[in-house]
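# A look at the structure
Okay, here's what each chain looks like letter by letter:
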Amino acid sequence: MDTLEIILLALVQGITEFLPISSSGHLILTPLLFGFELQELAFDVALHLGTLGAVTLYFRREIARMTVAVLGSLRHRRFDDPDARLGWMIVLATVPVVLLGLPLKLVLEFLRDDPTLIATVIAATSIGFGLLLWWSDWRGARRRDEYSLGWRGALVVGVMQALAIIPGTSRSGITITAGLLLGLTRRAASRFSFLLAIPTILMAGTVEGIELAGQGAAVDWMGLALGAVWSMLFAYLTIHLFLRFIERVSMLPFVLYRVALGGLILLLVW
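Residues numbered from 1 in each chain as written. Predicted model: local features only at pLDDT ≥ 70, side-chain atom pairs only at ≥ 80, totals over all residues. Heavy atoms only, no water.

The protein is annotated in an unreviewed UniProt entry as Undecaprenyl-diphosphatase of Marichromatium gracile. Taken directly from UniProt, the Function (unreviewed entry) text for the protein runs: "Catalyzes the dephosphorylation of undecaprenyl diphosphate (UPP). Confers resistance to bacitracin." In UniProt, the protein has this text filed under Catalytic activity (unreviewed entry): "di-trans,octa-cis-undecaprenyl diphosphate + H2O = di-trans,octa-cis-undecaprenyl phosphate + phosphate + H(+)". (UniProt positions renumbered as here; feature names shortened; annotations may be inferred.)

The following block contains the structure:
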């Protein structure tokens with residue numbers, strides 16, 4: 001991969017991982033659009049680790065507070081601390097992707113082998129889940145913060161997140177949708193979604209990394225490092241701007257983009 005291709009894919013990953021428009025779908029569509037070969041799995045892992053670094057750095061204070069609170073709750077067997085509750089809800093919301101991740105990953109591997117099929121799936125999920133995002137933004141009460149989320153709500157968000165393995169769904173999009181349907185504000189739903197990304201990306205990156213290590217293939221470490229760094233920079237900026245403006249902007253621009261993208265894909269493919 002040349003430097004321009006690396007930076008382009010890092011830009012796509014950094015922006016789309018935390019916007020509700022699907023990073024996996026865009027990482028598949030970008031090479032098809034520009035005539036590149038579909039990037040190796042190792043590079044996708046590097047890009048995701050870059051976004052993991054960005055979200056961890058952005059929420060470093062919240063992560064520190066939750067870690068201390070969760071450990072304290074185990075020591076004292078009390079769970080009334082808001083930071084401890086939030087930490088445990090993130091752990092609970094991670095469980096469904098652990099249980100459902102492997103079966104859905106097999107579906108993803110099957111789809112990647114057929115460009116027409118995967119493009120059609122991306123188009124359908126972009127439109128379908130985009131409209132669901134619009135409906136949840138319109139109908140949601142938007143009165144609660146992320147600290148008010150209970151165990152049932154955390155499981156709902158977690159189950160929805162597992163579906164994001166299907167390209168075009170958008171991990172952030174589907175979890176924000178779930179949060180809005182549960183009555184969270186746009187900012188609260190987004191913050192919970194972004195915090196939930198930390199264990200999810202970490203687990204996915206670990207699994208993929210183990211698989212790659214077992215293959216024993218040659219690795220372009222410089223290219224991977226460059227992609228990870230650029231992805232982290234773009235992702236950090238995206239998180240900052242998204243959380244700053246989301247209460248004023250609403251989800252409509254992202255919904256319109258998803259519907260337009262899905263329609264264009266269908267037009268080009270069929």
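Having seen it, we continue.
### Observations concerning the overall build of the protein
Scanning the protein for helices and strands turns up 11 helices and 0 strands. Along its sequence from the N terminus, the protein presents helices and strands in the succession α-α-α-α-α-α-α-α-α-α-α. For 270 residues, the compact-globule estimate of 2.2 N^0.38 gives 18 Å, and the protein sits close to it at 18 Å. Projected onto the principal axes, the alpha-carbon positions of the protein cover approximately 55 × 40 × 35 Å. Within the protein, the fraction of its 270 residues that count as buried is 48%. Here the contacts in the protein between residues at least 6 apart in sequence split such that 80% fall between residues at least 24 apart. (Helix = DSSP H or I, 4+ residues; strand = E, 2+ residues; numbered from the N terminus. Rg over C-alpha atoms; globule rule 2.2 N^0.38 Å. Buried < 20%, exposed > 50% of the residue type's maximum accessible area, 1.4 Å probe, protein only. Contact = heavy atoms within 4.5 Å.)

### Some thoughts on helix 6 (residues 115–139)
Residues spaced three or four apart along an α-helix point in a common direction, a consequence of the helix completing one turn every 3.6 residues. Under the 1.5 Å per step criterion, the end-to-end length of helix 6 is 36 Å for 25 residues, consistent within 8% with the ideal 36 Å. Listed in full, the buried residues belonging to helix 6 are Ile118, Ala119, Val121, Ile122, Ala123, Thr125, Ser126, Gly130, Leu133, Ser136 and Asp137. (Expected span 1.5 Å × (residues − 1).)

### As for the packing of aromatic side chains
Tallying each qualifying case throughout the model produces 9 aromatic pairs. Taking 5.9 Å as the distance between ring centres and 15° as the angle between the ring planes, the aromatic pair formed by Phe34 and Phe36 counts as stacked. Using a relative accessible area of 48% as the deciding quantity, one classes Phe34 as partly exposed. Exposure remark for Phe36: the relative accessible area of 26% places this residue in the partly exposed category. Look at Phe242 and Phe254: their rings are 5.6 Å apart centre to centre, the planes differ by 55°, and that puts the pair in the tilted class. (Phe/Tyr/Trp six-rings, centres within 6.5 Å; stacked < 30°, edge-to-face > 60°.)

### Here's the deal with the UniProt feature "transmembrane region" (unreviewed entry) in the protein
Within this structure's numbering, the places UniProt gives as "transmembrane region" (unreviewed entry) are residues 7–29, 41–59, 86–104, 116–135, 188–207, 219–243 and 249–269. Split by type, residues 41–59 is 95% helix and 0% strand. Its first and last C-alpha atoms lie 27 Å apart. Helix makes up 100% of residues 188–207 and strand makes up 0%, while its end C-alpha atoms are separated by 29 Å.

### Some details on the environment of Trp151
With respect to the helices and strands, the residue Trp151 is situated in helix 7 (residues 151–162). A sequence separation of 61 residues divides Trp151 from Ile90, and the C-alpha atoms of the two residues are 9.6 Å apart. Beyond its immediate sequence surroundings of up to four residues, Trp151 is in contact with Met89 and Leu92.

### Section: a nonpolar patch on the surface
On the surface, Val95, Val98, Leu99, Leu100, Val159 and Met203 cluster together into a nonpolar patch covering about 490 Å² of accessible area. Considering each element in turn, the nonpolar patch owes the most residues, 4 residues, to helix 5 (residues 82–112). Among the secondary structure elements, Val159 is positioned in helix 7. (Patch = residues over 30% accessible without salt bridge, like charges linked within 9 Å, V, L, I, M, F, W, Y side chains within 5 Å. Areas by Shrake-Rupley, 256 points an atom, 1.4 Å probe, with all protein chains shown as cover. Salt bridge = Lys/Arg side-chain N within 4 Å of Asp/Glu carboxyl O.)

### Digging into the pattern of salt bridges
Pairs can form between side chains of opposite charge whenever their charged atoms are close. Considering all chains together, one arrives at 7 salt bridges under this definition. Between Asp80 and Arg78 there is a salt bridge; the shortest N-O distance is 2.6 Å. Residue Arg78 is classed as exposed on the basis of its relative accessible area, which comes to 52%. The shortest N-O distance in the salt bridge between Arg191 and Glu146 comes to 2.7 Å. Of this pair, Arg191 sits in helix 9 (residues 186–215) while Glu146 sits in the loop between helix 6 and helix 7; the two residues are 45 residues apart in sequence, bridging distant segments of the chain. With respect to class, Arg191 is no different from Glu146; both count as buried. Via salt bridges that share partners, Glu62, Glu146 and Arg191 belong to a single interconnected network.

### Section: helix 1 (residues 3–16)
An ideal rise of 1.5 Å per residue puts 20 Å on 14 residues; helix 1 measures up with 20 Å between its terminal C-alpha atoms. Glu5, Ile6, Leu9, Ala10, Val12, Gln13, Gly14 and Thr16 are the residues of helix 1 that are buried. Looking at the buried positions of helix 1, the neighbouring elements they touch are helix 2 (23–34), helix 3 (41–58) and helix 10 (221–249).

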